[in-house]
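Now for the letters of each chain:
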Amino acid sequence: MLPEVESWWRRRTFSASDWPLGRLIEAKGGTSISVVLPARDERETVGEIVGVLLRELPDLVDEVVVIDSRSTDDTAVVAARAGAAVHAQDEILPALKPLDGKGEALWKSLAVTSGDLVAFVDSDIRNFQSSLVTGLLGPLLAHPGLAYVKGCYDRPLRGAPTGGGRVTELVARPLLNLHWPELAGFMQPLAGEYAGRRSALERVPFITGYGVELGLLIDLLSLAGLDALAQVDLGAREHSHQSTEALGAMASQIMLAAWSRLERESKIQAAHEPSTRLTQFRRTRTGHHTADRDVTISERPPILTVDGYRP
């Protein structure tokens, strides 16, 4: 790591255990806090997560909001029964043409939440613990100069204590080290658990697909500077793992997200537009079968610039 990044890593890496609940409630004061769970077909886990948050953090968290991203199961019903405020992704800011992807749900959540601090948590986490949220909020409540906090954790894979996060290690981390070495100290740059000040999140664009986490990290670095960013060790995180094919599509969108930022920051001069078609292969009884997948990413502008936005 660069010397300045190593210094940041020592000063801006925290642990969830640094922030006991009583200390956070005392530090909260008049700060309002929203927790957002983007969810698509997550009926098996979303209710438990909502329940844990409402039972264990009623004096810290002001609202728990689930953004239902076109679920085909009863995710919305389960989340509402558990006590969350549930919004259908496509019904938020209805004057806008709907777009696809996780980043769309996160961006639109800013229009239906009111917290000064907004924490985002994936809705497929198993054995959820409220420390995944309190750990993220602690640095923001204790350090007014921080704008954004990422979670980092061990990711069990098939019974092993680590090994998850394959796209991070094979795609995201090499990209960041190559082009944004200031961000090389982030241990889980693609983590789905992070929190930020609304005042910062309102001022950056959101990529609508799987590149949202990479895009936010790069754009918030540009907006606020490295010292306004931090990370928190949240222990371990268990969730369902995607197939290799699905990870290929995720990796493609992350590479497209990086390409868009490289162009925007004038770090490359593109001689062509990258293809947004990913060809993948499956062996069948009659030989190999090819399948083309559209990995196009779109982008929403800073929500402060959108007509009708009222947090």
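It should be noted that the structure appears before, not after, this text.
Thresholds applied
- Note that residues are indexed from 1 along each chain, following the sequence as it is written.
- Residue-level local features of this predicted model are given only where pLDDT is at least 70; pairs of side-chain atoms are given and counted only at 80 or more, and the full residue set underlies all totals for whole chains, interfaces and linings.
- Here the side-chain values reflect all heavy atoms present in the structure, with hydrogen atoms and water set aside.
- Between the N-to-C directions of two axes lies an angle of 0 to 180 degrees, each axis being a line fitted to C-alpha atoms and, for a helix, fitted only over the stretch in contact.
- Numbering of helices and strands runs from the N terminus; a helix is a DSSP stretch of H or I covering at least four residues, while a strand is a stretch of E covering at least two.
- With respect to orientation, any angle under 35 degrees is reported as roughly parallel, any angle over 145 as roughly antiparallel, any angle of 65 to 115 as roughly perpendicular, and every other angle as oblique.
- By the definition used in this description, the sense in which the near helix is turned from the far one sets the handedness, with an anticlockwise turn below a right angle giving left-handed and a clockwise turn giving right-handed.
- Throughout, a residue-residue contact means that at least one pair of heavy atoms, one from each residue, lies within 4.5 Å.
- Each residue is assigned to one class: nonpolar for Ala, Val, Leu, Ile, Met, Phe, Trp, Tyr, Cys and Pro, charged for Asp, Glu, Lys and Arg, and polar for all the others, Gly among them.
- Accessibility here uses a 1.4 Å probe with only protein chains present; expressed as a share of the type maximum, an area under 20% marks a residue as buried, one over 50% as exposed, and anything in between as partly exposed.
- For two strands to be treated as a pair, DSSP must find no fewer than two bridges joining them.
- Looking down the strands as they point away from you, a crossover is right-handed if its path from the first strand over the helix to the second goes clockwise.

Chemist: Outline the packing of helix α2 (residues 21–28) against helix α6 (residues 131–142), supporting the account with residue identities and numerical values.
Modeler: Following both chains from N to C, one finds α2 and α6 inclined at 40°, their axes separated by 10 Å at the closest point. Taken together, the axes of α2 and α6 lie oblique to each other. In the crossing of α2 with α6, the sense of the turn from one axis to the other is left-handed. Here α2 contributes Leu21, Leu24, Ala27 and Lys28 to the contact with α6, which in turn contributes Thr134, Gly138 and Leu141. Of the residues contributing to the contact of α2 with α6, the split by class is four nonpolar, two polar and one charged.

Chemist: Describe the side chain of threonine 45, listing the residues and the values that go with them.
Modeler: On the secondary structure map, threonine 45 appears in the loop between β2 (33–39) and α3 (46–56). On the basis of relative accessible area, threonine 45 is assigned to the buried category, the value being 10%. Not counting the four nearest positions on each side in its chain, threonine 45 is found in contact with Ser123, Asp124, Ile125 and Arg126.

Chemist: Describe in detail the pairing of strand β4 (residues 85–88), supporting the description with residues and values.
Modeler: With four bridges connecting them, strand β3 (residues 63–68) and β4 associate as parallel partners. Bridging across to β4, isoleucine 67 finds its partner in histidine 87. Of the crossover connections in this fold, the one passing from β3 over helix α4 (residues 75–82) to the parallel β4 is right-handed.

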